[in-house]
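Listed here are the chains, written in short residue letters.
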Amino acid sequence: MTVNWAALAAAEPDFARTVQERFGAFTHHVLATLRKDGSPRTSGVEVQFVRGELCVGMMPESMKALDLRRDGRFALQANPGPGTGMGGGDVRIGGRAVEVTDERAKAGYVEEVEPPEPFHLFRTELTEVVRTFVEDEKYLVVQIWHPGAPVRTVRRV
């Protein structure tokens, strides 16, 4: 089961807001895709939250775009920031990327983001969102969300 960003935001608004803030704190993040041979590839990427979608734009014919066209599975990790503080925690998103080819949808993205053109645009279908952080300098807290279920919180000493 997969859902878009708007569905997560509707189901778990506080969690979604925290995750979006982590991605908004820095421009560049890390995207993991699958190469032709199935091995992982990591690439720098910028993400945008546009009209209820978590979107990823890419340069034409970039390796990460070709990877996602072939196999849409991805993992996305928010930039943790400088030093070891990690601000609002470590945030990771897993799912499938679907290329946006509809010209009206791409035009809406261009209107809001103003990317250099030409570009590939992918919207994400989420299968998992995980946030890990330290609470009270004592607990490692892991919040895990999957579509159709509430956020599950695990605290470890």
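See the structure above.
In short, a report on the structure. (Residues numbered from 1 in each chain as written. Predicted model: local features only at pLDDT ≥ 70, side-chain atom pairs only at ≥ 80, totals over all residues. Heavy atoms only, no water.)

**Section: the pattern of salt bridges**
Right, so step 1: This model, assessed by the stated rule, comprises 11 salt bridges.
Right, so step 2: As a salt-bridge pair, R69 and E61 come within 3.7 Å of each other at their nearest N and O atoms.
Right, so step 3: Among the residues examined, E61 registers a relative accessible area of 48% and is labelled partly exposed.
Right, so step 4: Between E99 and R69 there is a salt bridge whose closest N-O contact spans 2.8 Å. Linking E99 in strand β6 (residues 90-99) with R69 in helix α3 (residues 63-70), this pair joins segments that are 30 residues apart in sequence.
Right, so step 5: By relative accessible area, E99 is classed as partly exposed at 23%. (Salt bridge = Lys/Arg side-chain N within 4 Å of Asp/Glu carboxyl O. Buried < 20%, exposed > 50% of the residue type's maximum accessible area, 1.4 Å probe, protein only. Helix = DSSP H or I, 4+ residues; strand = E, 2+ residues; numbered from the N terminus.)

**Description of the pairing of strand β4 (residues 53-58)**
Right, so step 1: Among the 6 residues that make up β4, 5 are buried, leaving the element largely enclosed by the rest of the structure.
Right, so step 2: In terms of strand pairing, strand β3 (residues 47-50) meets β4 through 4 bridges, oriented antiparallel. Each residue of the ladder has a partner; that of F49, found in β4, is L54.
Right, so step 3: Counting the residues that bridge the hairpin from β3 to β4 gives 2 residues, and of these R51 lies at a positive phi of roughly 50°. (Pairing = 2+ DSSP bridges.)

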